[in-house]
Amino acid sequence: VAVGDISCGSITLNLLATTSKSNEICYKYSLYTASGDDCNAMMDYVTFGTGNIDQCVDSLSSNLDDLITHYAPKSYNYHMDLNGFTLQIHQSDKVGKYLIFGLCFDANIVGGTQQNGKIEFKQDNEILTCHYQDIIPNFCGGTGYK
């Protein structure tokens, strides 16, 4: 049973679970694409908006990639900056319309979910920006900011 989900166009993103241990918080997602003529098209990348991260992380002295403690599958590439957390999905992983991935972050900075925000999907040559509630990490919701 999904903790939270959002449908946007032909894309459904589900937050399956969140788990916390010591100084780490993890989010597990499923991503499903289904679109008429393009039903075999898969995501090239997913970007989670970082919301108000500039209010809690000094962008000049912090490497935002250091907030990421683990992610899976390891075949994906990732990058994080003030605009968002981007997960690049490799062609070899595009075997269907359904993906499961996990992201873990430093719980001193990241925690809970953003009340409002956006997520960007790139599928083939189309970029789709969706607005959502309570589904992606709050990059300023960690224990060090409560």
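Along each chain, residues carry numbers from 1 onward, in the same order as the chain's sequence is written. Two thresholds apply to this predicted model, a pLDDT of at least 70 for residue-level local features and 80 or more for giving and counting side-chain atom pairs, whereas whole-chain, interface and lining totals are computed over all residues. Heavy atoms throughout the structure, all of them, feed into the side-chain values; hydrogens and water do not.

S.K.: What should I look at first to understand the overall build of the protein chain in this one?
M.R.: Runs of E in the DSSP output that reach at least two residues are strands. Runs of H or I that reach at least four are helices, and both are numbered from the N terminus. When helices and strands are tallied, the protein chain shows zero helices and 10 strands. Helices and strands in the protein chain line up, N terminus first, as β-β-β-β-β-β-β-β-β-β. By residue count, 45% of the 146 residues in the protein chain fall in the buried class. Where accessible areas are quoted, they stem from the Shrake-Rupley method and a 1.4 Å probe; at the residue level, only the protein chains shown are allowed to cover. Accessible surface computed for the protein chain: about 7,600 Å², of which carbon and sulfur atoms make up 46%. Summary of the burial criterion: residues with accessible area below 20% of their type's maximum are buried, those above 50% are exposed, and those between are partly exposed, where the area comes from a 1.4 Å probe applied to protein chains only.

S.K.: Explain the pattern of salt bridges here, please?
M.R.: Two side chains of opposite charge can pair, provided their charged atoms sit close to one another. Salt bridge, as applied in this entry: a Lys or Arg side-chain nitrogen positioned within 4 Å of an Asp or Glu carboxyl oxygen. Overall, the coordinates contain one salt bridge when judged by the stated rule. For Glu-24, the salt bridge is made with Lys-21, and the minimal N-O distance between the two is 3.9 Å. Residue classification places Lys-21 among the exposed positions, given a relative accessible area of 53%.

S.K.: Explain unusual backbone geometry here, please?
M.R.: Glycine aside, a negative phi is what most residues show, and trans is what most peptide bonds show. Backbone geometry places Ser-22, a non-glycine residue, at a positive phi of 40 degrees. Looking at the element boundaries, Ser-22 is found in the loop between β2 (11-21) and β3 (24-33). For Ser-22, a relative accessible area of 77% translates into the label exposed. Residues other than glycine seldom take positive phi values, yet Asp-134 does so here, at roughly 55 degrees. Assignment of secondary structure puts Asp-134 in the segment after β10 (126-132). Overall, Asp-134 belongs to the partly exposed group, its relative accessible area being 42%.

S.K.: In this structure, what is going on with the nonpolar core? I would like to understand it.
M.R.: One broad rule of soluble globular proteins: the nonpolar side chains tend to lie buried together. Throughout, nonpolar core names a set of buried Ala, Val, Leu, Ile, Met, Phe, Trp, Tyr and Cys residues whose side chains join them through atoms within 4.5 Å. Counting residues in hydrophobic clusters, the biggest one holds 35 residues, and the most contacted among them are Tyr-29, Phe-48 and Phe-105. Among the elements of the structure, β2, β3, β4 (43-48), β5 (68-72), β7 (84-88), β8 (98-106), β9 (117-123) and β10 are those that each provide at least two residues to this core. Setting aside anything within four residues of it in sequence, one finds Phe-48 in contact with Leu-13, Tyr-29, Asn-83, Gly-84, Phe-85, Phe-101, Leu-103, Lys-118, Ile-119, Ile-136 and Pro-137. Here, residues are in contact when the closest pair of their heavy atoms is within 4.5 Å.

S.K.: Would you explain the side chain of Glu-24 in this entry?
M.R.: Position of Glu-24 relative to the elements: it lies in strand β3. Judged by its relative accessible area of 9%, Glu-24 falls in the buried class.

S.K.: I would appreciate a short explanation of the packing of aromatic side chains in the present structure.
M.R.: Aromatic ring pairs: the centre-centre distance and the angle between the two ring planes describe each pair. Classification of ring pairs rests on two measures: the distance between centres of Phe, Tyr or Trp rings, Trp counted by its six-membered ring, which must be within 6.5 Å, and the angle between planes, read as stacked under 30 degrees, edge-to-face over 60 and tilted in between. One pass over the full model with this rule turns up nine aromatic pairs. Aromatic side chains Tyr-29 and Phe-101 sit 5.5 Å apart centroid to centroid with 25 degrees between the ring planes, which places their arrangement in the stacked category. Residue Tyr-29 is found in strand β3, and its partner Phe-101 is found in strand β8; the two are separated by 72 residues along the sequence. Phe-101 matches Tyr-29 in its accessibility class, with the two residues each being buried.

S.K.: It is not clear to me how the environment of Phe-105 should be interpreted in this structure. Could you clarify?
M.R.: Tracing the backbone shows Phe-105 in strand β8. Each C-alpha atom, one on Phe-105 and one on Thr-69, is 5.1 Å from the other, the two residues being 36 residues apart in sequence. Setting aside residues up to four positions removed in sequence, Phe-105 forms contacts with Asn-23, Glu-24, Ile-25, Tyr-27, Leu-67, Ile-68, Thr-69, Met-80, Phe-85, Val-110, Pro-137 and Phe-139.

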